[in-house]
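Notes for the structure review
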Amino acid sequence: MSVNEARILHRINEVQSAVTSLNQGVIQVSGQVAHVGQRAEETRNDLQQLARDFADFVKRSERIANIQRAETRVGVVEAQLENQFGHHNVVRRFATGLLQGFDVGLVSEETVRAVSEQLMVQNPRYWLAPVLVALGAWASDDQELCERGIQEGFRRSPDRTSLFLALVLRRQGRRDSSVRWLRQYLAAQDPHALGRNFAVILECISQGAFGPSGVEIVQERLDAWRAQLLTDEDRQQAQVGRWRAEMDRHVGPSAQPNFPRLAEVSPQWPQMDAALSHAAAHGALITKYAALAAEEITPQDRIEDAVDDILDRLVREFDEEELPLRREHAEHHAVIRNGGDLDAARRDLDSDLIALEQKLDYLTIQSESALNPGKIGVSRATQRMAVSSCHDWFARAHATFCGDYRQGLPTDVQAVFETTHNTAGVVFKLPRWTGSFTRPMPELEADLAGHWDRASRPFIDGLAYNWGRKVIAPVVVLLLALLILVPTAGVAGLIITMIGGGIWFLVLYIQSQAAAKLQDAVRELLARGKQDSLQQLRGAGAELIDWTSAFRREDSREPQVRALIGDLATAGAAASPYERRVADPGAQSGA
Amino acid sequence: MEFAQRRRVETRLDAGTPTQDRQLQRPPNQAARAPRHAGIFEAVHRIDAGLDEATRAQLAQWIRDEYQSQFGDVPLGFFARCHLGPPYVDHRLDLWQNIVEHYAPGDTVPEPFARARMLARTGSYDFIEVYASGELKPVLNDGSVVA
């Protein structure tokens, strides 16, 4: 073999080994790149988590600051209320004390007169003070003073004075005079703009405070108002809207933690989650309203106690001039109640402010008595009566609520696998795959597996060792060597050529083995990626079945809510203490 | 059951309409919300029961007249669950074009009927009225209308 040939062979070997080491280098680098990619992904996740934590921290500290500010302001407002209107409380306490004193005859007329006159002097502009002077004068038969006191009280607050006197007279058994004042009160009312204290009238009906003749007058008037207001579609719609908001308040939380794989895979998940949490409202509504329907409301033993409670409510009610401070008080309270969340507080406050509004229409008073009894100041019995009156709006709001969430259900639930859904997907640049769960699961699985195979085939085939191309160069070189060496060197040339060829083929064989190993490794990665996708798909399919049964279970409670609304429609009126009292005239002995 | 009785009495579609215009004396919105009577249920169920085209057209006409006189507004048609069995799950009854079309889950339903699909599938409503405005009014088994 000539020196040149030996050098060529040597160079070829060098090139071959360089190619082999380059190949190994490429494999190593691709491994490192995948590793770096993974680290980058981890870092990104960490950063996102950090950003979320930071945002949470900022939100939390803002809320704490809001709570502290609101707590300070509540203290200030309460001090202002006490300072400016605290003396009203004395009058209020005196009013109830006075009536009870009359009952048991433990208070002398002089004391009553002296204290009431003193309160009159101390409480300019407050309606209750002159009315109490009138009561004191009534007790001591001073008709002139009594009339003047009443006139002054009526001038300061016609509504409250009329209602107060109607109740006091009813309490003292003066039915005719009581009904006269009641009529006076009702005649002055505009059903489109009633004062907050009108809820007291509803309370009186549910407590049977006016006796049969009074209730008849009130009921007649209320029915007429209702009929009048119901002709206005907008007003009715407004009430349905109020009840719709009540439905929305009972919507359950997101069920995402129970369906993680479905949420991950299906783009329709937000709609499905919304439908399920809305359907969960049925259960919450049943719990709340079944308790109200079933509740045994025991009336007060004596009618005086019932009237006293109502009088208490009436006199305790704050005056118009206290309203700005009361409103501020409610605002700060809402912030504290909602843990410093200003948006939630604002939403919550809307219903508070409705109760604080000066003028409401009769239908709104009914709805508010049913929905926010605490805020408008009515008892449980009155709430039930109000729910009964509102059953039509309740039913309509509930029916549209159900219609809306059902209409929001997706017609087709799909599974979507993006390139980035797992690491193998990124390595193979797997195109997006979409499948509908309306197809049977085995078919879907086969389709997804086929998609993986199709997408990865060019990549894997590209890694195969190309014997055909690699073998051309050695064959040509060896043939040339044979042609040159055999005629010149004979058998020795043949042996040298064969040895050279053997070495060359050994090198090629080692390379092909390395390529096959790489191909196997990649195939394994593919198999793992495919398996992971199929598991995600199966998991999502199983969760879809669970979701469907959970949704059916919740949704199927809708007829129960409808039945409950039907029960409430009849429950409120029939069980009112008033009806029990007329059934037993002896119970009205206090009248 | 009062409703069942009404249903029996009013199933004779051609026996005149003594209750006609009764509902329309109410304000328009209230009339549109008035419960659908048993005659309508009967007609909606019959129209899907393999009638010949002429009878079906006659029935559709009766339904249109009934809606006009009683509720003041006539729907484009109805969408309801299909009882033919697989592969059909729901169907559309077009009152104006006199079409009855049954759909399998994968089929495309024309708008605005498509939006009533999920309402029908929940099985909570007897049928869903579909209006030209796109408004959907599901009707419960007891005749009450969701609106």
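Residues numbered from 1 in each chain as written. Chains lettered and ligands numbered in written order. Predicted model: local features only at pLDDT ≥ 70, side-chain atom pairs only at ≥ 80, totals over all residues.

1. Looking at the overall build of chain A
Along the backbone of chain A there are 25 helices and two strands. Taken across its 591 residues, chain A has 31% of its residues classed as buried. Within chain A, counting contacts between residues at least 6 apart in sequence, those at least 24 apart form 74% of the total. (Helix = DSSP H or I, 4+ residues; strand = E, 2+ residues; numbered from the N terminus. Buried ≥ 20, exposed ≤ 12 C-beta atoms within 10 Å, placed from the backbone. Contact = placed C-beta atoms within 7 Å.)

2. Focus on the overall build of chain B
Across its full length, chain B carries five helices and five strands. Going residue by residue from the N terminus, the α and β elements of chain B occur as α-α-α-α-β-β-β-α-β-β. In chain B, of all internal contacts separated by at least 6 residues, the share reaching a separation of at least 24 is 51%.

3. A closer look at the domain arrangement of chain A
Residue and element names in this part refer to chain A. Domain assignment breaks chain A into domain 1 (157-407 + 558-588) and domain 2 (412-555). Placing a centre on the C-alpha atoms of domain 1 and another on those of domain 2 gives a separation of 70 Å. Taken together, the contact between domain 1 and domain 2 spans 15 residues of the former and 15 residues of the latter. The set of elements that each furnish at least two residues to the side of domain 1 that touches domain 2 consists of helix H10 (260-265), helix H11 (269-279) and helix H12 (281-294). (Domains from an automatic or database assignment.)

4. Observations concerning the packing of H11(A) against helix H23 (residues 491-555) of chain A
Two packed helices can be described by the angle between their axes and the distance between those axes. All names here are of chain A. Their axes nearest at 8 Å, the elements H11 and H23 cross at an angle of 35°. Crossing angle aside, the handedness with which H11 passes H23 is left-handed. Residues Met272, Ala275, Leu276 and Ala279 of H11 pack against Trp547, Ala550, Phe551, Glu554 and Asp555 of H23. Its residues assigned to classes, the contact of H11 with H23 comprises seven nonpolar, no polar and two charged. (Axes fitted to C-alpha atoms, helices over the stretch in contact; angles between N-to-C directions. Left-handed = near helix turned anticlockwise from the far one by under 90°. Nonpolar A, V, L, I, M, F, W, Y, C, P; charged D, E, K, R; others polar.)

5. Here's the deal with the interface of chain A and chain B
Across the boundary between the two partners, chain A contributes 12 residues, which contact 13 residues of chain B. At five residues, the largest contribution of residues to the side of chain A that touches chain B is made by helix H19 (residues 391-407) of chain A. Taken together, the residues of the side of chain A that touches chain B sort by class into two nonpolar, six polar and four charged.

6. A look at the pairing of strand E3 (residues 99-103) of chain B
Residue and element names in this part refer to chain B. Pairing between strand E2 (residues 90-94) and E3: five bridges, direction antiparallel. What sits directly across from Leu93, in E3, is Val100. The turn joining E2 and E3, which pair antiparallel and follow one another in sequence, is formed by four residues; a positive phi near 55° is taken by Asn98. (Pairing = 2+ DSSP bridges.)

7. As for helix H3 (residues 128-139) of chain A
Residues and elements named next belong to chain A. Here H3 contains 12 residues, and its C-alpha end-to-end distance of 17 Å stays within 8% of the 16 Å for a straight helix at 1.5 Å per residue. Every buried residue belonging to H3 is among Leu128, Ala129, Pro130, Val131, Leu132, Val133, Ala134, Leu135, Gly136, Ala137 and Trp138, and all of these are buried. Two residues or fewer after H3 comes Asp141, characterised by a positive phi angle close to 60°. (Expected span 1.5 Å × (residues − 1).)

8. Regarding the environment of Gln30(B)
Here Gln30(B) is to be found in helix H2 (residues 28-33). Taking C-alpha positions, Gln30(B) is 8.5 Å from Phe71(B), a pair spaced 41 residues apart along the chain.

9. As for the sheet that holds strand E4 (residues 127-130) of chain B
Residues and elements named next belong to chain B. Here we have five strands laid out as an open sheet, ordered E3-E2-E1-E4-E5, and antiparallel in their pairing. Across the chains shown, the open sheet's two edge strands, defined by having one partner strand only, are E3 and strand E5 (136-139). Mean inter-strand twist for the sheet, computed between neighbouring axes without regard to direction, equals 20°.

10. Details of unusual backbone geometry
For the bond running from Glu111(B) to Pro112(B), omega is -5°, close enough to zero to count as cis. Here Pro112(B) is to be found in the loop between E3 and helix H5 (117-121).

11. A word on helix H4 (residues 143-156) of chain A
All names here are of chain A. In a regular helix each residue adds 1.5 Å, so 14 residues correspond to 20 Å; H4 covers 20 Å between its end C-alpha atoms and thus fits that length. All of the buried residues along H4 are Gly149, Ile150 and Gly153. For H4, the angular spread of the buried residues around the axis is 95°, confining them to a single face. Summarising the geometry of H4, the exposed residues directed more than 90 degrees from the buried face are Glu144 and Arg155. Tucked inside the fold, the buried residues of H4 contact H3 and helix H5 (158-171). (Arc of directions from axis to C-beta.)

12. Notes on the packing of helix H16 (residues 362-371) of chain A against helix H18 (residues 380-389) of chain A
All names here are of chain A. Axis separation between H16 and H18 bottoms out at 7 Å; the angle between their running directions is 125°. In terms of orientation, H16 lies oblique with respect to H18. Between H16 and H18 the crossing geometry is left-handed. When H16 is examined against H18, the residues Gln366, Ser369 and Ala370 are found in contact with a partner set consisting of Thr382, Gln383, Ala386, Val387 and Ser389. (Parallel < 35°, antiparallel > 145°, perpendicular 65-115°, else oblique.)

13. Describing the confidence of the model for chain A
All names here are of chain A. Confidence along chain A averages 80 in pLDDT terms, with 92% of residues attaining 70 or more. In the model of chain A, helix H25 (residues 577-583) stands out as the element of lowest mean pLDDT, 39, in contrast to H11, which has the highest, 91. Long-range and interchain partners of residues 574-591, a stretch whose pLDDT sits below 50, account for 27 contacts in this model, where long-range means more than four residues apart. (pLDDT = per-residue confidence, 0-100.)

14. Thoughts on the nonpolar core
General note: in soluble globular proteins, nonpolar side chains tend to be found buried as a group. Residue and element names in this part refer to chain A. Membership of the largest hydrophobic core comes to 109 residues, with the highest contact counts inside it found for Leu128, Leu132 and Leu167. For this core, the element with the most residues is H3, which contributes nine residues. There are two domains that each give this core at least three residues, and those are domain 1 (157-407 + 558-588) and domain 2 (412-555). (Core = buried A, V, L, I, M, F, W, Y, C linked by C-beta atoms within 7 Å.)

15. Looking at the confidence of the model for chain B
All names here are of chain B. Averaged over all residues, the pLDDT of chain B is 76; the fraction at 70 or higher stands at 79%. Scored below 50 in pLDDT, residues 1-24 makes 27 contacts in the model with residues more than four places away or belonging to other chains. Reported confidences for the modelled complex are a pTM of 0.71 and an ipTM of 0.76.

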